[in-house]
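The chain contents come next:
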Amino acid sequence: MRKLRIGVLGSGKGSNFRAIREAIATGQIEAEVAVVVSDVEGAGILQLAEEARVKNTTVTDRRYKTRLSPEVEAELVAILKQANVELVVLAGYMRMVKTPLLDAFPRHIINIHPSLLPKFPGLESWRQALAAGEKIAGCTVHYVDAGMDTGGIIAQAEVPVRPGDTAETLHARIQLEEHRIYPEVVARFARRELP
Ligand code: GRF
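Residues numbered from 1 in each chain as written. Predicted model: local features only at pLDDT ≥ 70, side-chain atom pairs only at ≥ 80, totals over all residues. Heavy atoms only, no water.

Examining the environment of Ala137
Among the secondary structure elements, Ala137 is positioned in strand 6 (residues 136-143). In this structure, the C-alpha to C-alpha distance between Ala137 and Arg191, residues 54 residues apart in sequence, is 29 Å. In contact with Ala137, not counting residues within four places along its chain, are Leu116, Ala129, Ala157, Glu158, Val159, Val161, Leu170 and Ile174. (Helix = DSSP H or I, 4+ residues; strand = E, 2+ residues; numbered from the N terminus. Contact = heavy atoms within 4.5 Å.)

Topic: the pattern of salt bridges
As a working rule, side chains carrying opposite charge can pair if their charged atoms are close by. Using the criterion set out here, one finds 14 salt bridges in the structure. Between Arg2 and Glu86 there is a salt bridge, with its nearest N and O atoms 3.0 Å apart. Of this pair, Arg2 sits in the segment before strand 1 (4-10) while Glu86 sits in the loop between helix 3 (70-82) and strand 4 (87-90); the two residues are 84 residues apart in sequence, bridging distant segments of the chain. For Arg2, a relative accessible area of 59% corresponds to the exposed category. Note that Glu193 is salt-bridged to Arg191, the shortest N-O span being 2.7 Å. Look at Glu193 and you get partly exposed, because its relative accessible area is 46%. Each of Arg2, Glu86 and Arg192 takes part in one network of salt bridges that share partners. (Salt bridge = Lys/Arg side-chain N within 4 Å of Asp/Glu carboxyl O. Buried < 20%, exposed > 50% of the residue type's maximum accessible area, 1.4 Å probe, protein only.)

None of the figures reported here should be taken as evidence of function without further support.
Following this line, the structure appears as structure tokens:
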């Protein structure tokens, strides 16, 4: 079977990208990261890609903070297509995905979100969960559609909220689960079990 080619988009430190890379290295995922693209110059995820000798680049748009203009998004699509990407993996990508990207990869864009969706979409969901007095928090891998964190759910993991938790300790506990379930979902795509 042809190896699944993945494009990873991220804005931050890239710990989910690292987890996916490690799962590829150990054979848990039969795939290849073809390219990493960030909207933030010098982002940690780009440095990780560089260290792992994975092709990487920045595509940004100073006119907007939460999305790319359609023209710039078309440049991103061109980069992904050029790299023969089949699955687009959002790993801490802080912009909404629109057309033309959504149309270019139907049901082949996935995201990891740090809450048990549909609870707490949007930013810093672990803080929202703490503030709401939740006893259980977690993370969700889902298909990306035009809404904010609204696409079909593929996998979820729960973590307890412990007495004395801060936003940081809770987020760290959630991220450990992210690093477990995101590679698992990518592995299922690589085995052609999804969508
Ligand atoms: C994660 O908490 C993820 O759920 C959210 O953004 C964060 C990315 O972290 N979408 P990293 O860059 O993968 O370390």
